[in-house]
Amino acid sequence: MPVYWRTLRNLVRHTTVFTNACTLLTIRPVHFPPASCTFDQLATQGTELNDTQVVLHGYIGTRRDASKSLTFAELHDMTLGATVQLVSTPTNGVDGSDSPHVTLRELQEHSPVAINGTIKARKAPSGSNRETRAGLITSVEVKVDNITPLNAFPSGIIMSKETVFPPEQRHLQIRNDPAVRNALAFRSKAARIVRNELCEKHNFTEIETPLLFKSTPEGAREFLVPTRAPGMAYALPQSPQQYKQILMASGIPRYMQIAKCFRDEDLRADRQPEFTQVDLEMSFASAEDVMRTVEAVVKRLWTELLGATDLPEAFPRMSYEEAMSRYGSDKPDLRLGSEIQRIEYMIPVDLVKKIGPLNDPIVEVMKFSIADDANETRNFVNTFMDSPEAQPFIQNPHGQPGIFIFDTRKPLQGLQVFGFEAAEALEDMLALEDGDLVVIQARPNTPFAGGSTPIGNLRLALHKAAVKHNYIQPPQGFAFTWINDFPLFSPSSDAEPGQGGAAGLAATHHPFTSPKTAADVDLLLSDPLSVRADHYDLVVNGVELGGGSRRIHSAEMQELIMREVLQMSDERVKDFAHLLEVLRAGCPPHAGLALGFDRLVAVMMGRESVRDVIAFPKSGRGEDMLVKSPTRMTGGQLETYHLRLRE
Ligand code: ASP
């Protein structure tokens, strides 16, 4: 007996916590017979394998002791996707404790085992009204000759099909929930397709960029990694943006990476502090080249993984301005209809005054076809308005939404407040029918900023509620669109760190995006908020899959934007000295994009949250509940990194 094995036995013998049975099952030899046959072979070759001796690896499933001398048990393969029936009888009438028959009867369900057995043709389960489980091999079964238990599954853990384990037991949830394992497999396939399309078809080179980067005001809040050199820290990259631009200046024509990114951001909006991007960059390329390449990747993914056949040759495009005015969102779900239109010019002045406190507002309208019967629509509206989802709209400081129901039994079809003329015009403009919901909302008469307007949010909330209460069908399919012509700068907000400049502006995406045209360059100093960016977002079904831009490749332009437009301090501009240096070294024009890979997989799989497609997602508070991170730094660690906690 090897020494370590004896030591373990002694250790266990002297540990009162363990029972003998538990000891036997817990301390397992390191060696076990290799598998000689896959479940796939069992399923495909079936009775051809009759009387063959095999070794199978897997997990013990449910067991049925038919009599003292006959036991049936399921053996699940290591993917937990295929199952074969084990049959066991006492070996040569021996019933000692080493007998495989006894071992099988003692084994806890879910325990991993190696089974030596003989393949036998399986009689069709006659008269059985038990449901055949998915993946069950029905042509053969395995007569158990020997069992090597490889570990024990704790008897205190109940794991049935319905069990949902908390995040602290993520390993059990993954093991018990095929949906999670499917998502991980799907994700792996998607990554392969992306690499294949980009590297094999489009000549991209996959390059890993450093994770220990430096702190720069690119836009998002970073995670710092202190070092043992006093006061020195790396920062984890919020994206490989700067390195990929450096690669463009390094003579790498096309770069791609499935990259980990880190942002210390508000996690409420289904975001993760670490996430994965399909990151790419192309030299001597325009926005057009990038969009076409990304369309090829996306179409390949949708075709190969979802069997899509109806994707357009090129995805439609829409400006930010148009998306915000037609859908009240910079990531519109084009499947929902209910487009927004302006009506302040056609409704009575009195009404405009009544709908909110704003002076000279823009008033917008949208229509929803909820039910044919106005009373039903009324019920829906009441339910919605009483729900917590309605609260933000009711509390809108620019006025509550005005909600009307088109009802042919009522004077002016329920649109009296609009007056005869406007009611008629609205009826025409919206092609109103009985039971339609008409919603109006005021907003300030200022340029669009940010990602959505209240009426845009209301459009989504009403649609979601109507689906939830079965008034309308959930939208189907995938509607892609590019959104471009974003403003290059936005007023800086406290929520986003931006670039820390003194101009009250921040780059809408990041400070490396190029102005779109020469006319935009001309506006940089005089009217920066109206400069359009050569930026493009890819949106599908109301979800932003990713975004990118043509970059500034002239050091002078980059410096002008940092110093003169954003008014960053010398010190902050110096954080980007490496980039300016690189651009100065004959950097070619370049453009790129990153797709949020977690979100892309979630959308493709129709999952609500990115957490459903990540093996070990962090909680809403940024914690990994299984390993319990982050942890409090010990005194020793603080000392190593020359850190002291403020009292
Ligand atoms: N680095 C950008 C981001 O992470 C994507 C890009 O512009 O390529 O959003």
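Residues numbered from 1 in each chain as written. Predicted model: local features only at pLDDT ≥ 70, side-chain atom pairs only at ≥ 80, totals over all residues. Heavy atoms only, no water.

S.K.: For this particular structure, what's the right way to read the environment of Arg-271?
M.R.: Looking at the element boundaries, Arg-271 is found in the loop between strand 9 (254-262) and strand 10 (274-283). Overall, the relative accessible area of 34% leaves Arg-271 in the partly exposed class. Sequence separation between Arg-271 and Val-610 is 339 residues, and the spatial gap between their C-alpha atoms is 7.5 Å. Aside from chain neighbours lying at most four places away, what touches Arg-271 is Glu-265 and Asp-266. (Helix = DSSP H or I, 4+ residues; strand = E, 2+ residues; numbered from the N terminus. Buried < 20%, exposed > 50% of the residue type's maximum accessible area, 1.4 Å probe, protein only. Contact = heavy atoms within 4.5 Å.)

S.K.: It is not clear to me how empty space enclosed by the protein should be interpreted in this structure. Could you clarify?
M.R.: Over the atoms rolls a probe the size of a water molecule, and its path tells where empty space is left. Applying the stated criterion to the full structure yields one cavity of 30 Å³ or more. A volume near 30 Å³ is recorded for the largest cavity. What lines the largest cavity is simply Thr-209, Pro-210, Leu-211, Pro-237, Ser-239, Pro-240, Gln-257, Ala-259 and Lys-260. For the lining of the largest cavity, the class distribution of residues is five nonpolar, three polar and one charged. (1 Å grid on protein atoms, 1.4 Å probe; cavity = no way out; pocket = protein on both sides within 12 Å on 5 of 7 lines; lining within 4 Å. Points joined across faces, edges and corners; volume = space filled by probe spheres on them. Nonpolar A, V, L, I, M, F, W, Y, C, P; charged D, E, K, R; others polar.)

S.K.: Help me understand the side chain of Thr-453, please; the structure alone is not making it clear to me.
M.R.: Tracing the backbone through its elements, the reader meets Thr-453 in the loop between strand 15 (436-443) and helix 14 (454-468). With residues up to four places along the chain from it excluded, the contact list for Thr-453 reads Met-324, Gly-328, Arg-443 and Phe-448.

S.K.: What is the right way to look at the environment of Pro-397 in this model?
M.R.: Here Pro-397 shows up in the loop between helix 12 (391-394) and strand 14 (402-405). Taking the C-alpha atoms as reference, Pro-397 lies 15 Å from Thr-446; in sequence the two are 49 residues apart.

S.K.: So what exactly am I meant to see when it comes to the sheet that holds strand 14 here?
M.R.: Pairing between the strands of a sheet comes from backbone hydrogen bonds, and it takes one of two forms, parallel or antiparallel. The four strands lie next to each other as 12-13-15-14, forming an open sheet whose pairing is antiparallel. Of all strands in the sheet, those bounded by a partner on one side alone are strand 12 (341-342) and strand 14. As paired strands, strand 12 and strand 13 (residues 362-369) are joined by two bridges and run antiparallel to one another. Paired with Gln-341 across the bridge in strand 13 is Val-365. Contacting strand 14 and strand 15, helix 11 (residues 374-385) runs over the sheet at an angle of about 155° to strand 14. (Pairing = 2+ DSSP bridges. Axes fitted to C-alpha atoms, helices over the stretch in contact; angles between N-to-C directions.)

S.K.: What's the story with the nonpolar core in this structure? I'm lost.
M.R.: For soluble globular proteins, nonpolar side chains are generally found buried alongside one another. Of all hydrophobic cores here, the largest spans 42 residues; its most connected members are Leu-301 and Trp-302. Sorting the residues of this core by element identifies helix 6 (178-201), strand 9, strand 10, helix 8 (287-306), strand 16 (480-484), strand 19 (535-540), strand 21 (590-596) and helix 19 (597-605) as the ones contributing at least two each. For this core, the element with the highest residue contribution is helix 8, accounting for nine residues. (Core = buried A, V, L, I, M, F, W, Y, C linked by side-chain atoms within 4.5 Å.)

S.K.: Can you walk me through the packing of aromatic side chains in this structure?
M.R.: The geometry of an aromatic ring pair is captured by the separation of the ring centres together with the interplanar angle, meaning the angle of the planes. As enumerated under the stated definition, the model contains 10 aromatic pairs in all. For the pair Phe-213 and Tyr-243, a centre-to-centre distance of 5.0 Å together with 55° between the ring planes defines the contact as tilted. Taken together, the residues span a long stretch of sequence, with Phe-213 in the loop between strand 6 (205-206) and strand 7 (224-226) and Tyr-243 in helix 7 (residues 241-249) at a distance of 30 residues. A relative accessible area of 23% places Tyr-243 in the partly exposed class. A connected cluster of aromatic rings, assembled from ring pairs, spans Trp-302, Phe-315, Phe-478 and Phe-480. (Phe/Tyr/Trp six-rings, centres within 6.5 Å; stacked < 30°, edge-to-face > 60°.)

S.K.: What exactly am I supposed to notice about the packing of helix 7 against helix 18 (residues 577-584) here?
M.R.: Helices that pack against each other are described as a pair by the angle of their axes relative to one another and the distance between those axes. One way to put it is that helix 7 packs onto helix 18 with a least axis distance of 9 Å and a crossing angle of 20°. Regarding the angle of helix 7 to helix 18, the classification is roughly parallel. As for the relative orientation of helix 7 and helix 18, their crossing is left-handed in sense. Where helix 7 approaches helix 18, its residues Gln-242, Gln-245, Ile-246 and Ala-249 are matched on the opposing element by His-578, Leu-579 and Val-582. Considered class by class, the residues forming the contact of helix 7 with helix 18 number four nonpolar, three polar and no charged. (Parallel < 35°, antiparallel > 145°, perpendicular 65-115°, else oblique. Left-handed = near helix turned anticlockwise from the far one by under 90°.)

S.K.: What is the right way to look at the site of the ligand in this model?
M.R.: The ligand sits among Ser-239, Gln-241, Lys-244, Arg-263, Gln-277, His-510, Gly-547, Gly-548, Arg-551, Gly-592, Leu-593 and Ala-594. The contact in question runs from an oxygen atom of the ligand to an N or O atom on the side chain of Lys-244, over 2.7 Å. Starting from 270 Å² of accessible surface for the ligand in isolation, the protein chains cover 85%. Elements that contribute at least two residues to the shell around the ligand include exactly helix 7, strand 20 (543-550) and strand 21. Taken together, the residues that form the shell around the ligand break down as two nonpolar, seven polar and three charged. (Near = heavy atom within 4 Å. Polar contact = N/O pair within 3.5 Å; in protein donor to acceptor, adjacent residues only side chain to side chain. Areas by Shrake-Rupley, 256 points an atom, 1.4 Å probe, with all protein chains shown as cover.)

S.K.: Can you walk me through the pattern of salt bridges in this structure?
M.R.: When the charged atoms of two side chains lie near each other, side chains of opposite charge can form a pair. As enumerated under the stated definition, the model contains 36 salt bridges in all. Taking the shortest distance from any N to any O, the salt bridge between Arg-271 and Glu-265 comes out at 3.4 Å. Notably, a salt bridge pairs Asp-534 with Arg-550, separated by 2.6 Å at the nearest N-O pair. Taken together, the positions of Asp-534 in the loop between helix 15 (518-522) and strand 19 and Arg-550 in strand 20 put the pair 16 residues apart, joining distant regions of the chain. For Arg-550, a relative accessible area of 21% translates into the label partly exposed. The network of salt bridges with shared partners includes Glu-559, Arg-563, Asp-570, Glu-581 and Arg-584. (Salt bridge = Lys/Arg side-chain N within 4 Å of Asp/Glu carboxyl O.)

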